[in-house]
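If you want the building blocks of each chain, they are given just below.
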Amino acid sequence: MNTNDINELVSVVIPTCDRGDLFYRALRSVIEQTYPNIEIIIVDDGSTRKVDISLVDFKERSFILKRNEKKQGGAISRNLGAKCSSGKYICFLDDDDYYYADKIFVLMKELIDNNNVDVVFGRLDKKSEPNRIVDTSCISSEGFIFNKRFVRFMHTNTSLYRKDKFDLIKFDEELSKFQDTQLHIESIKYLNCKYIDKSVAYWNDNHGMGQITSMSGKENHMRHIQNYLKLINNLRSRKSISFSYSLYMRMKFIYKIILFVKSFHILPDIR
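None of the values given here were measured: they were computed from a predicted structure. Residues take numbers from 1 onward in each chain, read along the sequence in its written order. Residues qualify for local features only when their pLDDT is at least 70, as the model is predicted, and side-chain atom pairs are given and counted only at 80 or more; totals for whole chains, interfaces and linings, by contrast, use all residues. Side-chain measures were taken over the full set of non-hydrogen atoms in the model, leaving aside hydrogen atoms and water.

**With respect to the sheet that holds strand E7 (residues 159-162)**
Right, on to step 1. With mixed pairing, the eight strands of this open sheet are ordered in space as E3-E2-E1-E4-E7-E6-E8-E5. Every interior strand has two partners, whereas the edge strands, strand E3 (62-68) and strand E5 (98-99), have only one.
Right, on to step 2. We call two residues in contact when some of their heavy atoms are within 4.5 Å. Between N-to-C directions, angles cover 0 to 180 degrees, with each direction set by a line fitted to C-alpha atoms, over the stretch in contact for helices. Each helix corresponds to a stretch of at least 4 residues labelled H or I by DSSP, and each strand to a stretch of at least 2 residues labelled E; elements are numbered beginning at the N terminus. Here helix H2 (residues 21-31) sits on the sheet in contact with strand E1 (10-16), strand E2 (38-45) and E5, set at roughly 165° to E2.
Right, on to step 3. Here helix H3 (residues 74-84) sits on the sheet in contact with E1, E2, E3 and strand E4 (89-92), set at roughly 150° to E1. Here a strand pair is declared whenever DSSP counts at least two bridges between the two strands.

**Considering unusual backbone geometry**
As a rule of thumb, non-glycine residues mostly have phi less than zero, and peptide bonds are mostly trans rather than cis.
Right, on to step 1. Phi angles above zero are rare outside glycine, and Asp18 is one such case at about 50°.
Right, on to step 2. Here Asp18 shows up in the loop between E1 and H2.
Right, on to step 3. Look at Phe178: it is not a glycine, yet its phi comes out positive at around 70°.
Right, on to step 4. In this fold, Phe178 is placed in the loop between helix H5 (163-166) and helix H6 (179-190).

**Quick look at the UniProt feature "domain: Glycosyltransferase 2-like" (unreviewed entry) in the protein**
Right, on to step 1. UniProt positions are given in the numbering used here, feature names are shortened, and annotations may be inferred rather than shown by experiment. As annotated by UniProt and renumbered to match this structure, "domain: Glycosyltransferase 2-like" (unreviewed entry) occupies residues 11-163.
Right, on to step 2. End C-alpha atoms of residues 11-163 are separated by 9 Å, and the span's content is 22% helix alongside 25% strand.

**Looking at empty space enclosed by the protein**
Right, on to step 1. Buriedness for pockets is judged along seven lines, at least five of which must meet protein on both sides within 12 Å for an open set on the 1 Å grid over protein atoms alone, while cavities are sets there where a 1.4 Å probe fits but cannot get out, and lining residues have an atom within 4 Å of a point. Grid points are joined across faces, edges and corners, and a volume is the space filled by probe spheres set on the points. Enumeration over the complete set of coordinates arrives at one cavity of 30 Å³ or more.
Right, on to step 2. Quantified by volume, the largest cavity comes out at close to 30 Å³.
Right, on to step 3. Forming the boundary of the largest cavity are Arg123, Leu124, Arg132, Val134, Phe153 and Tyr195.
Right, on to step 4. Partitioned by chemical class, the residues of the lining of the largest cavity number four nonpolar, no polar and two charged. Residue polarity follows a fixed list, in which Ala, Val, Leu, Ile, Met, Phe, Trp, Tyr, Cys and Pro are nonpolar, Asp, Glu, Lys and Arg are charged, and the others, Gly among them, are polar.

**Thoughts on the layout of surface pockets**
Right, on to step 1. Put simply, the second largest pocket is a space of about 190 Å³.
Right, on to step 2. As for the second largest pocket, its lining consists of Thr16, Asp18, Arg19, Gly20, Phe23, Tyr24, Ser47, Arg49, Lys50, Val51 and Asp52.
Right, on to step 3. Here the lining of the second largest pocket is built from residues that sort into three nonpolar, three polar and five charged.

**Considering the nonpolar core**
Right, on to step 1. Only buried Ala, Val, Leu, Ile, Met, Phe, Trp, Tyr and Cys residues count toward a nonpolar core, and they belong to the same one when joined by side-chain atoms within 4.5 Å. Think of it in three bands: residues with accessible area under 20% of the maximum for their type are buried, residues over 50% are exposed, and the middle band is partly exposed, with areas taken using a 1.4 Å probe on protein chains only. Ile145, Phe150, Tyr161, Phe166 and Met249 are the most contacted members of the largest nonpolar core, which has 42 residues in total.
Right, on to step 2. Of all the secondary-structure elements, those providing two or more residues to this core are E2, H3, E4, strand E6 (119-126), H6, strand E8 (193-203), helix H7 (218-237) and helix H8 (243-264).
Right, on to step 3. With seven residues, the top contributor of residues to this core is H7.
Right, on to step 4. If near-sequence neighbours (up to four positions away) are discounted, Met249 is found in contact with Ile185, Tyr228, Leu231, Ile232, Leu235 and Ile241.

**Describing the pairing of E2**
Right, on to step 1. Counting buried residues along E2, eight of its eight residues qualify, which places the element largely inside the surrounding structure.
Right, on to step 2. Across the two faces of E2 the burial is the same, with Ile38, Ile40, Ile42 and Asp44 and Glu39, Ile41, Val43 and Asp45 all buried.
Right, on to step 3. As defined by bridge partners, E1 adjoins E2 across seven bridges and the pair is classed as parallel. Bridging from a neighbouring strand, Pro15 pairs with Val43 of E2.
Right, on to step 4. In terms of strand pairing, E2 meets E3 through seven bridges, oriented parallel. Directly across from Asp44, in E3, lies its bridge partner Arg67.

**Notes on the packing of H7 against H8**
Right, on to step 1. At a minimum axis distance of 10 Å, the contact between H7 and H8 shows a crossing angle of 165°. Put simply, H7 runs roughly antiparallel to H8. Relative to H8, the crossing made by H7 is left-handed. Judged by residue contacts, Lys218, His221, Met222, His224, Ile225, Tyr228, Leu229, Leu231, Ile232, Asn233, Leu235 and Arg236 of H7 engage Phe243, Ser246, Met249, Arg250, Lys252, Phe253, Lys256, Ile257, Phe260 and Phe264 from H8.
Right, on to step 2. Taken together, the residues of the contact of H7 with H8 sort by class into 13 nonpolar, four polar and five charged. Each angle receives one of four descriptions, namely roughly parallel if under 35 degrees, roughly antiparallel if over 145, roughly perpendicular if within 65 to 115, and oblique otherwise. By definition, any crossing whose near helix is turned counterclockwise from its far helix by less than a right angle is left-handed, and any crossing with a clockwise turn is right-handed.

Written out as structure tokens, the structure is:
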């Protein structure tokens, strides 16, 4: 990566809602990136206490603050941030997680050095699974992802997209859950995706502060099942998955229903 490449602007979108200190830690991890030219877009998704950035030292980083007066969810908030961005490259960060200091520099090098790569993913360190092993059978010897089953090792926090390529897909705003899975499945389908086995971000799962991925309670389980079915149907309607892969996903859907029945002793409402 030469000096001119370092001048390319990278936009980082952070949607947030009532996350408190975890959000400010996430924000600091972007401000403290070793890559110099970063634009930060914060989307306050209807927090009960508005995001206060008056005490944040952005260290001359440019930033934009947008607010949804009514909570819209992750997909709409991320797409809004992307729409407001000016960078040629774009990435996203969940407000309860954080980047490692060289995340953007490492991934930018891959994109700059490989013009045929549309999006690059790094390795994710997961709090609840510190020793998990990545299944490399789904990627080529050059690191290109060719099998959609690799989605379970992809995370929005570890990606860096060419902005024009992200705009071809975007997050599905009909989904209140699984929009990350949707984006990654369609990225594998329509883009050249590369994976590098270097940790670039930390997933602070199971911290207990109202995570959208939480499976506690009947309502969350129900929403999980309903959104997974909508995910399958939307991907099929856009012809983004094959018939065989849709069968694979439907088998997972049936398994989710079985778990729901075992937990709550009623059938879920999947209308």
